[in-house]
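A look at the structure
As a plain string of letters, each chain reads:
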Amino acid sequence: MGRFKLITKAISIGRVTEKYPFVPLEVPEGFRGKPVIDPEKCIGCTACSNACPPQALQVYDDLERGVRVVHLFIGRCIFCARCQDVCPTEAIKLTKEFELATLSDEDLHQIVELQMVRCEECGKPFDTFRHLLYTAKELQPWEREMMFLCPECKAKKVSEKLIFGKGGGYV
Amino acid sequence: MNIIFIAINLAFALIIAPLIDGFERKIRARLQNRQGPSILQTWWDLIKLFKRPTIEPQDSVKPLYKLAPYITFTSVLAAYLIIPTLLPASTNFIGDLILVVYLLGLATLSFVIGAFSSGNAYAQIGSNRDVSLFMSEELLLAFIIGTIAVIGKSLSFGQLFPLPFRISSVLALLLLFLVIYVASTRLPFDIAEAEPEIIEGPLIEYSGKHLGLLKYFVFLKRLLLYSLILDFIIPIQNPIRLICYLIGIIILSIVYSTLEAYYGRFRIDQAIRILKRASIVALIVWMIAVVGW
Amino acid sequence: MILEILKSNNAKILRHDEKVTVALVPNDKLRTTAELLFKAGCYYATGAGVDERLLGVGFSMYHIFNCEAEGRYIIIKAVASNLKIPSITPIISGANWAEREVMDMLGIFFDEHPEPVRLILPDDWPEGVYPLRKDFRYNERPPRVEFEQKREKKPGVIEVPVGPYHPALHEPEMFELYVKGEEIVGAVYRGFHIHRGMEKLAEGRMTINQIPFLAERICGICGYTHNCAYVQAIEDAAKIEVPERALYIRTILLELERIHSHMLWLGVAFHLLGFESGFMHTWRIRETFMDLAELLTGNRKTYGMNLIGGVRRNIDENKKKGLSEILDKTKKEIREIFDNATQMRELINRMEGIGVLSKKKGREIGVVGPTARGSDIDTDVRRDHPYAAYGDLEFKVPIYKDGDVLSRFLVRYEEVLESIWLIEQALDQLPPGDILNEEYELPEHTICVGATEAPRGEDVHFAIMGEGNKVYRWHPRAPTYNNLPAVPIMLKGEKLADAPIIIASIDPCFSCTDHIVIVDGEKVYRCSLDNYLGGL
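Since this is a predicted model, take the numbers as computed values, not measurements.

**Overview of the overall build of chain C**
Across its full length, chain C carries 19 helices and 17 strands. Here chain C holds 536 residues, and the buried ones make up 53% of them.

**Digging into the overall build of chain A**
Secondary structure assignment for chain A yields 5 helices and 6 strands. Reading chain A from its N end, one meets helices and strands in the order α-β-α-β-β-α-β-β-β-α-α. Taken over the C-alpha trace, chain A has a radius of gyration of 26 Å; the compact-globule value for 171 residues is 16 Å, which it surpasses by more than 25%. Oriented by its inertia axes, the alpha-carbon framework of chain A measures out at about 100 × 35 × 25 Å. Taking all 171 residues of chain A together, the buried fraction comes to 18%. Of the contacts made within chain A by residues no fewer than 6 positions apart, 67% connect residues no fewer than 24 positions apart.

**Things to note about the interface of chain A and chain B**
Across the boundary between the two partners, chain A contributes 9 residues, which contact 7 residues of chain B. Per-class residue counts for the side of chain A that touches chain B are 5 nonpolar, 2 polar and 2 charged.

**A short note on the nonpolar core**
Within the largest apolar cluster, 238 residues are counted, with the highest numbers of intra-cluster contacts made by Phe-65, Ile-75, Ala-269 and Val-449 of chain C. Counting residues per element, this core draws most heavily on helix α7 (residues 244-273) of chain C, which supplies 17 residues. Beyond its immediate chain neighbours, meaning those up to four positions away, Phe-65 of chain C contacts Leu-37, Cys-42, Tyr-43, Tyr-44, Ala-45, Tyr-73 and Ile-74 of chain C. Counting 7 residues, the second largest nonpolar core, distinct from the first, contains Leu-6 and Ala-10 of chain A together with Leu-31 and Ala-261 of chain B.

**Details of α7 of chain C**
An ideal rise of 1.5 Å per residue puts 44 Å on 30 residues; α7 of chain C measures up with 44 Å between its terminal C-alpha atoms. Taken across its 30 residues, α7 of chain C has 28 buried, putting it largely inside the fold.

**Topic: the packing of helix α1 (residues 2-31) of chain B against helix α2 (residues 41-51) of chain B**
Residue and element names in this part refer to chain B. Between α1 and α2, whose axes approach to 7 Å, the crossing angle comes to 125°. Relative to α2, the element α1 lies oblique. Between α1, through Pro-18, Asp-21, Gly-22 and Arg-25, and α2, the contact on the second element is made entirely by Gln-41, Thr-42, Trp-43 and Leu-46. In the contact of α1 with α2, the residues fall into 3 nonpolar, 3 polar and 2 charged.

**Some points on the interface of chain C and chain B**
Facing 25 residues of chain C, the contacting portion of chain B comprises 21 residues. Looking at the side of chain C that touches chain B, its residues break down into 13 nonpolar, 5 polar and 7 charged.

**Topic: helix α11 (residues 268-291) of chain B**
Residues and elements named next belong to chain B. Taking 1.5 Å of rise per residue, the 24 residues of α11 would be expected to cover 34 Å, and the 35 Å separating its terminal C-alpha atoms lies within 8% of that figure. Regarding α11, the residues found buried are Ile-268, Ala-271, Leu-275, Ala-278, Ala-282, Val-285, Trp-286 and Ala-289. Summarising the contacts, the buried residues of α11 are in contact with α5 (121-152) and α7 (167-183). Trailing α11 by a residue or two, Gly-292 shows a phi angle of about 120°, which is positive.

**What about the packing of α7 of chain C against helix α8 (residues 276-297) of chain C?**
Residue and element names in this part refer to chain C. Interaxial distance between α7 and α8 falls to 8 Å at its minimum, and their mutual angle equals 160°. With respect to their mutual orientation, α7 and α8 come out roughly antiparallel. Where α7 crosses over α8, the two elements pack in a sense that is left-handed. Counted together, Leu-253, Leu-256, Ile-259, His-260, Met-263, Leu-264, Leu-266, Gly-267, Phe-270 and His-271 of α7 and Glu-276, Gly-278, Phe-279, Thr-282, Trp-283, Ile-285, Arg-286, Phe-289, Met-290, Leu-292, Ala-293 and Thr-297 of α8 form the full contact between these two elements. Each residue belonging to the contact of α7 with α8 can be placed in one class, and the counts come to 14 nonpolar, 6 polar and 2 charged.

**Structural notes on the pairing of strand β6 (residues 125-128) of chain A**
All names here are of chain A. Relative to β6, strand β5 (residues 109-118) is paired through 3 bridges, and the arrangement is antiparallel. Across the sheet, Val-117 pairs through a bridge with Asp-127, a residue of β6. What sits between β5 and β6 in their antiparallel hairpin is a turn of 6 residues, with Gly-123 showing a positive phi close to 80°.

**Considerations on the sheet that holds strand β2 (residues 20-24) of chain C**
Sheet strands pair via backbone hydrogen bonds, and the direction of the pair is either parallel or antiparallel. All names here are of chain C. Within the open sheet, the 5 strands sit side by side as β1-β2-β5-β4-β3. Their pairing is mixed. The open sheet has two free edges, formed respectively by β1 (12-16) and β3 (42-52), since each of these has just one partner strand. Going from strand to strand, the sheet's axes swing by 20° on average, the running direction of each strand aside. Each of β3, β4 (58-67) and β5 (72-79) touches helix α2 (residues 30-39); the most contacted strand, β5, lies at about 170° to it.

**Looking at the domain arrangement of chain C**
Interface size is commonly expressed as the accessible surface area that is lost when the partners come together. All names here are of chain C. Per the domain assignment, the segments of chain C are domain 1 (2-111) and domain 2 (198-497). The interface of domain 1 with domain 2 comprises 21 residues on the first partner and 22 residues on the second. For the side of domain 1 that touches domain 2, the secondary structure elements donating two or more residues are β2, β3, β4 and β5. The element contributing the most residues to the side of domain 1 that touches domain 2 is β3, with 6 residues.

**As for the confidence of the model for chain A**
Per-residue confidence for chain A gives a mean pLDDT of 87, with 96% of residues at or over 70. Predicted confidence in chain A is weakest over helix α1 (residues 2-13) of chain A, with a mean pLDDT of 84, and strongest over strand β1 (residues 35-37) of chain A, with 94.

**Examining unusual backbone geometry**
Look at the link from Tyr-20 of chain A to Pro-21 of chain A: it is a cis peptide, with omega at 10°. With respect to the secondary-structure elements, Pro-21 of chain A resides in the loop between α1 and β1. You will see that Asn-33 of chain B, though not glycine, has its phi angle at about 60°, which is positive. The residue Asn-33 of chain B is located in the loop between α1 and α2 in this model. A residue is classified by how many C-beta atoms lie within 10 Å of it, and Asn-33 of chain B, with 18 of them, is partly exposed. Its identity as a non-glycine residue notwithstanding, Ala-388 of chain C has a phi of 45°, on the positive side. In this structure, Ala-388 of chain C sits in the loop between α13 (381-384) and α14 (405-428).

**A short note on the sheet that holds strand β3 (residues 67-73) of chain A**
Residues and elements named next belong to chain A. Taken in spatial order, the 4 strands make up an open sheet running β2-β3-β5-β6, and their pairing is antiparallel. Every other strand in the sheet has two partners, leaving β2 (57-62) and β6 as the edge strands with one partner each. Sheet twist, expressed as the average angle between the axes of neighbouring strands with direction ignored, equals 35°. Together, β5 and β6 form the strand contacts of helix α4 (residues 129-136), whose direction differs from that of β6 by roughly 65°.

**Considering the pairing of strand β14 (residues 457-465) of chain C**
All names here are of chain C. Summarising burial for β14: 9 of the 9 residues are buried, a large majority. Taken together, the 8 bridges between strand β13 (residues 447-454) and β14 define a ladder with antiparallel strand orientation. When the sheet's bridge partners are listed, Ala-451 is paired in β14 with Val-460. Between the antiparallel neighbours β13 and β14 lie 2 residues. Here β14 runs beside strand β15 (residues 471-477); their pairing, made up of 6 bridges, is antiparallel.

**Some details on the environment of Val-285 of chain B**
With respect to the secondary-structure elements, Val-285 of chain B resides in helix α11. In contact with Val-285 of chain B, not counting residues within four places along its chain, are Thr-147, Ser-168, Leu-171, Ala-172 and Leu-175 of chain B.

**Quick word on the confidence of the model for chain C**
The share of residues in chain C with pLDDT of 70 or more is 88%, and the mean pLDDT across the chain is 82. Of the two predicted TM-score estimates for the complex, the pTM is 0.87 and the ipTM is 0.87.

**Here we look at the environment of Leu-119 of chain C**
Counting through the fold element by element, Leu-119 of chain C comes out in the loop between β7 (109-111) and β8 (158-162). A C-alpha to C-alpha distance of 8.9 Å links Leu-119 of chain C and Met-103 of chain C, two positions 16 residues apart in sequence.

Calculation criteria
- Every chain is numbered on its own, with residues counted from 1 as its sequence reads.
- All chains are assigned letters beginning at A, and all ligands numbers beginning at 1, according to the order in which they are written.
- It should be noted that, the model being predicted, local features are given only for residues of pLDDT at least 70 and side-chain atom pairs only at 80 or more, the latter also being counted only at that level, while totals for whole chains, interfaces and linings use all residues.
- In DSSP terms, a helix is any run of H or I states spanning at least four residues, a strand is any run of E spanning at least two, and both are numbered starting from the N terminus.
- Comment: burial labels come from other C-beta atoms within 10 Å of the residue's own C-beta, placed from the backbone, where a count of 20 or more is buried, 12 or fewer is exposed, and between is partly exposed.
- Throughout, the radius of gyration refers to the C-alpha atoms, and the reference size of a globule is 2.2 Å times the residue count to the power 0.38.
- Placing C-beta atoms from the backbone, we regard two residues as in contact once those atoms come within 7 Å.
- Polar here means any residue other than Ala, Val, Leu, Ile, Met, Phe, Trp, Tyr, Cys and Pro, which are nonpolar, and Asp, Glu, Lys and Arg, which are charged; Gly is therefore polar.
- Under the definition applied here, buried Ala, Val, Leu, Ile, Met, Phe, Trp, Tyr and Cys residues are grouped into a nonpolar core through C-beta atoms within 7 Å.
- To estimate the expected span of a helix, subtract one from its residue number and multiply by 1.5 Å.
- Angles run from 0 to 180 degrees between N-to-C directions of axes, and those axes are lines fitted to C-alpha atoms, restricted for helices to the stretch in contact.
- Each angle gets one of four labels, with under 35 degrees taken as roughly parallel, over 145 as roughly antiparallel, 65 to 115 as roughly perpendicular, and the rest as oblique.
- In this scheme, a crossing is called left-handed if the near helix is turned counterclockwise away from the far one by less than a right angle; it is called right-handed if the turn is clockwise.
- Strand pairing is assigned whenever DSSP detects at least two bridges linking the two strands.
- An automatic or database domain assignment supplies the start and end points of every domain.
- pLDDT measures how confident the predictor is about each residue, on a scale from 0 to 100.

Pasting the structure below:
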């Protein structure tokens with residue numbers, strides 16, 4: 001009878017309950033757990049906050065102190081790993097940690113502050129040092145002299161050179 | 001002397017009944033490849049229930065609703081005075097067998113009335129089903145009692161424990177095995193309290209100590225019925241009666257909980273049909289007993 | 001043949017290629033066109049209303065038909081004049097809910113609609129505020145309005161509310177059953193308790209590559225098919241060439257999801273019938289598949305594997321052999337459990353002849369998936385409109401004729417075995433190469449449709465591309481939307497004890513489909529949670 005075969009099968013298999021939480025649980029490679037930002041590697045390029053679907057990563061500039069703040073709030077994170085995909089320096093990685101319940105809200109926030117460069121002309125902070133140096137490898141020689149200008153001042157300088165300049169540089 | 005033994009029997013029943021339920025839960029869990037709760041879990045659940053406050057619904061008929069759990073509980077306790085469990089001591093008189101049936105009937109009746117008066121649609125449907133099931137099972141029980149009375153030539157437990165070994169008594173005890181299964185509200189016959197269908201049926205509006213008493217009543221009823229069938233089998237003056245009794249309880253629990261784990265639930269009309277067929281078989285067994293086999 | 005129908009009704013063809021035809025039909029010819037299409041064998045999939053005032057067109061309504069005979073989707077568009085469009089519900093009863101939804105959300109009125117009452121919005125939402133219009137911001141909250149509705153009590157019948165909270169059902173939905181003794185004499189469905197406003201969110205602030213992650217969270221069981229349907233719609237509009245290896249990986253994950261969803265349902269069916277041990281055995285086997293999914297994608301349920309143009313993660317070559325062994329062993333176990341369980345007479349008695357849906361009624365409503373295949377309706381998106389790698393793989397579509405709960409049970413059981421066979425084939429034939437194609441241009445204002453076969457049936461996503469990186473309109477239609485109107489028909493005349501298994505036999509997934517109902521003595525009203533908690 002079908003019933004009794006099922007009973008014998010159940011007896012032969014025995015207990016399948018895992019011993020977690022009294023024993024730690026193994027998760028496979030590639031498991032998408034909590035994301036962690038490495039402050040040494042982050043350059044503040046904002047690619048991660050662009051890609052993040054629930055906007056758990058937010059990057060904003062604190063113009064008074066001249067820092068760019070990269071703010072990750074795990075409470076909104078959906079663990080999709082898009083930030084890991086798009087980060088150019090592999091600064092943000094998803095670890096295997098999944099036990100994230102906590103009684104204090106501060107454990108869920110990660111903040112990385114990056115020093116920003118001030119424009120030579122107007123003094124407004126426009127980009128982080130690290131990002132500027134990262135993109136400096138791609139600059140042409142004649143662009144390097146305008147490296148430390150904010151985009152508005154740079155545009156002014158270029159148009160001055162075009163209108164008033166006599167060769168040398170761009171024209 | 002007798003009174004002390006009866007008191008010991010009663011205490012034994014009160015302490016052991018939830019433990020047997022815990023044991024059955026463990027067996028069912030192991031058959032489903034699970035770890036299962038500890039054997040003491042049912043006791044902890046009952047203690048928790050007795051600590052909680054009771055909430056009475058507005059639409060209920062208050063006196064009936066509040067009185068029903070107490071009547072149910074005490075009638076089943078009264079039945080323990082007649083049927084010996086651990087020690088072979090009990091108060092007996094002429095019509096024991098009928099009295100036990102009436103006490104169990106009183107318990108079920110007050111259970112149903114209490115549920116009906118709680119004013120909830122689900123409880124009313126559940127009570128409907130409970131009454132239909134109870135009436136079909138009583139018919140079968142009546143035939144079995146007739147058979148037993150004919151075999152033992154008396155209605156008093158003094159002469160009936162144990163039954164003489166004959167074909168008709170074996171068949172009657174097998175049918176009693178079925179009746180006990182139905183009366184202890186187990187799958188596939190737990191139609192009155194089907195959780196996925198009508199959310200616990202009659203018990204839905206009970207809470208706190210009332211619910212605790214009603215659940216305790218179910219456990220005590222099961223132990224009572226196990227003791228009844230074991231008393232019919234094990235001779236009363238036997239020196240190793242205690243050990244046989246305990247082993248018998250354990251075997252009955254294992255068999256019943258295994259069957260409970262591996263059956264699907266019946267619908268009320270299917271269950272009544274099965275009980276009707278069993279009643280016809282019981283009638284035939286009664287004829288056999290009358291003839292003398 | 002479809003083209004002739006459209007042309008003879010003065011339709012203007014906006015797009016016509018091998019998979020999708022879009023036509024603008026004048027309002028006076030709308031009903032005749034719909035009727036001719038229905039008679040030609042197309043059945044109604046869904047309808048979406050769009051606020052196209054920014055594009056200079058006004059309000060428009062798109063009706064989407066699934067034409068199996070020609071293997072394509074046909075979309076007919078009607079533009080509202082003075083906010084009115086003729087209704088096609090008198091002819092096609094499947095359009096009932098789609099039109100009511102548009103009435104609620106956009107404010108277009110459909111002439112001669114038989115039941116123009118609120119469907120989605122709660123009872124205390126103010127009149128005249130339409131959420132899907134472009135001038136309503138996605139995080140705006142209008143003030144609540146007092147609204148009460150009396151329940152009529154019929155003599156002799158007890159009203160049994162199954163839901164919104166009931167142990168038999170795993171999501172909040174409300175079926176009001178009218179019961180005489182044990183027999184059900186009437187049933188009313190009220191749903192949309194977990195409407196989350198996803199369409200508005202997708203139009204409002206998400207970019208085109210972020211919506212797949214939103215689409216995946218529409219449902220907790222069939223999320224990956226929603227993801228695939230959306231991505232396929234956009235890839236169809238932009239004519240993106242997806243690499244073959246990516247298509248095969250998508251197929252493997254889709255079938256894995258189908259297996260885990262059907263095993264879940266089979267376990268739940270056993271639980272509703274009272275057979276707890278069957279539930280435990282089935283879910284124990286299901287764990288193998290969840291662990292497999294975790295190995296391949298990094299998560300047990302929300303795979304997050306799709307991007308427009310391909311997938312994000314590759315399948316390791318050395319894992320393939322291990323996977324085949326696991327699949328073989330599990331297939332034997334599944335067969336063992338079910339062959340033994342179907343020998344138990346009391347389970348078969350509870351399922352045979354219960355909850356019958358006839359083929360004709362099913363066709364009218366437009367049921368999809370195993371609900372349709374159990375009633376002798378031969379429809380399967382994988383075979384009729386091949387997508388991903390299904391064109392290259394061979395598989396059977398199980399059809400049963402009786403239309404009762406047992407037929408649907410057996411359809412799902414056979415589909416599990418077919419899915420295991422599909423995964424084995426796909427693993428065998430996995431082609432080498434790239435997995436993501438990111439070179440594409442996104443055209444503006446193209447209308448596109450993506451369809452997949454979810455475990456519950458046909459899943460249609462309708463999208464209109466927007467400017468830059470965004471979507472102008474996105475309308476997902478889950479399969480349960482089409483299957484739900486069949487439930488009151490199946491419930492009539494059956495016993496109350498069978499109600500949970502009948503409701504569960506269409507495999508309802510209410511997250512995919514849809515405020516809270518407060519039943520307070522005499523008054524029944526739907527209101528928002530803040531209002532109720534504020535009053536406590």
